[in-house]
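Take a look at the letters that make up each chain.
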Amino acid sequence: EPEVTQTPSHQVTQMGQEVILRCVPISNHLYFYWYRQILGQKVEFLVSFYNNEISEKSEIFDDQFSVERPDGSNFTLKIRSTKLEDSAMYFCASSVQGISNQPQHFGDGTRLSIL
Amino acid sequence: DQQVKQNSPSLSVQEGRISILNCDYTNSMFDYFLWYKKYPAEGPTFLISISSIKDKNEDGRFTVFLNKSAKHLSLHIVPSQPGDSAVYFCAARITGNQFYFGTGTSLTVIP
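Residues numbered from 1 in each chain as written. Chains lettered and ligands numbered in written order. Predicted model: local features only at pLDDT ≥ 70, side-chain atom pairs only at ≥ 80, totals over all residues. Heavy atoms only, no water.

Asker: So what exactly am I meant to see when it comes to the overall build of chain B here?
Answerer: The helix and strand tally for chain B stands at 0 helices and 11 strands. Expected size for 111 residues packed as a compact globule is a radius of gyration near 13 Å; at 13 Å, chain B falls within 12% of this value. Seen through its C-alpha atoms, chain B measures out along the principal axes to roughly 40 × 30 × 20 Å. Per-residue burial for chain B yields a buried fraction of 47% across its 111 residues. At a minimum sequence separation of 6, the contacts of chain B that also span at least 24 residues come to 52%. Accessible area of chain B: about 5200 Å², with a carbon and sulfur share of 50%. For chain B, the centre of its 10 positive side-chain charges and the centre of its 9 negative side-chain charges are spaced 3 Å apart. (Helix = DSSP H or I, 4+ residues; strand = E, 2+ residues; numbered from the N terminus. Rg over C-alpha atoms; globule rule 2.2 N^0.38 Å. Buried < 20%, exposed > 50% of the residue type's maximum accessible area, 1.4 Å probe, protein only. Contact = heavy atoms within 4.5 Å. Areas by Shrake-Rupley, 256 points an atom, 1.4 Å probe, with all protein chains shown as cover. Lys, Arg positive; Asp, Glu negative; His and termini not counted. Charge placed at Lys NZ, Arg CZ, Asp CG, Glu CD.)

Given below as structure tokens:
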């Protein structure tokens, strides 16, 4: 069964550094998402992306965050200047367009640790 | 802002019995609800969904019930199996693609 893949599985970065989290969504999916889960807390929506632009974003997704689909397969989340509170699991997800109410398929996440 | 709440952080059930996981929400505009299952070190996996126009949806051992007047959602697993041990998240959507997740309930099925 096709799956969403995320790399790296664990990223350790110094505070203030830029970090790029990578995702390869399922190939026929057209909607892409990023979520994060701070340890012990709920999964939080960050952003959704469709047709090469952001379709929705939460208040968490401020100017420090950006997303990009640089080619036909990758979907990236960039954090420009990381803060300690950015430490979390970041999940990428994708879903099919065209049929309403399709569930999102999640990757296994990237654990981001900011030192 | 906790629009979706799962008030039980954990639940233990004997194998073969029914597991009932509960979820409450505050926003009456939610139109679509899902349950996800998550194992450690993996991403959430979709289990079952229900539209706000229905009050029940069944898929094998999993049934989701929606009580709109009470703003309450529940997931029933019958019979429970040890492999069902995981964290279960409910999620809800208003429109579009932004989903609000609960904090999860950790289910342990005891053999």
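Asker: What exactly am I supposed to notice about the sheet that holds strand β6 (residues 56-59) of chain B here?
Answerer: Residues and elements named next belong to chain B. An order of β1-β3-β8-β7-β6 is seen for the 5 strands of this open sheet, with the pairing classed as antiparallel. The two strands at the open ends of the sheet, each matched to only one other strand, are β1 (4-5) and β6. Across 6 bridges, strand β3 (residues 19-25) lies against strand β8 (residues 72-77) in antiparallel orientation. Directly across from Asp24, in β8, lies its bridge partner His72. (Pairing = 2+ DSSP bridges.)

Asker: Is there a simple way to explain the packing of aromatic side chains in this structure?
Answerer: Applying the stated criterion across every chain, the model contains 19 aromatic pairs over all chains. Look at A:Phe49 and A:Phe75: their rings are 5.3 Å apart centre to centre, the planes differ by 40 degrees, and that puts the pair in the tilted class. Within this pair, whereas A:Phe49 is found in strand β5 (residues 43-50), its partner A:Phe75 is found in strand β8 (residues 75-79), the two being separated by 26 residues in sequence. Here A:Phe49 falls in the buried class, since its relative accessible area comes to 5%. Taking the centre distance of 6.4 Å and the plane angle of 75 degrees together, the rings of B:Phe89 and B:Phe101 count as edge-to-face. One end of the pair, B:Phe89, is in strand β9 (residues 86-93); the other, B:Phe101, is in strand β10 (residues 99-101), and 12 residues separate them in sequence. One exposure class covers both B:Phe89 and B:Phe101, and it is buried. Joined through ring pairs, the aromatic side chains of A:Tyr35, A:Phe45, A:Phe91, A:Phe106, B:Tyr36, B:Phe46, B:Phe89 and B:Phe101 make up one cluster. (Phe/Tyr/Trp six-rings, centres within 6.5 Å; stacked < 30°, edge-to-face > 60°.)

Asker: It is not clear to me how the interface of chain B and chain A should be interpreted in this structure. Could you clarify?
Answerer: How big an interface is tends to be stated in terms of the accessible area lost upon association of its parts. Counting residues at the interface gives 21 residues for chain B and 19 residues for chain A. In this assembly, chain B packs against chain A so that about 1700 Å² is buried in total across both faces, 53% of it on carbon and sulfur atoms. Together, B:Asn97, B:Gln98 and B:Phe101 form the three largest contributors to the area buried by chain B at its contact with chain A, with a combined 33%. Counting every contact that joins chain B to chain A gives 0 salt bridges. Along the contact surface separating chain B from chain A lie 3 residue pairs in polar contact (both at pLDDT 80 or more). (Buried area = accessible area lost by both parts, 1.4 Å probe. Salt bridge = Lys/Arg side-chain N within 4 Å of Asp/Glu carboxyl O. Polar contact = N/O pair within 3.5 Å; in protein donor to acceptor, adjacent residues only side chain to side chain.)

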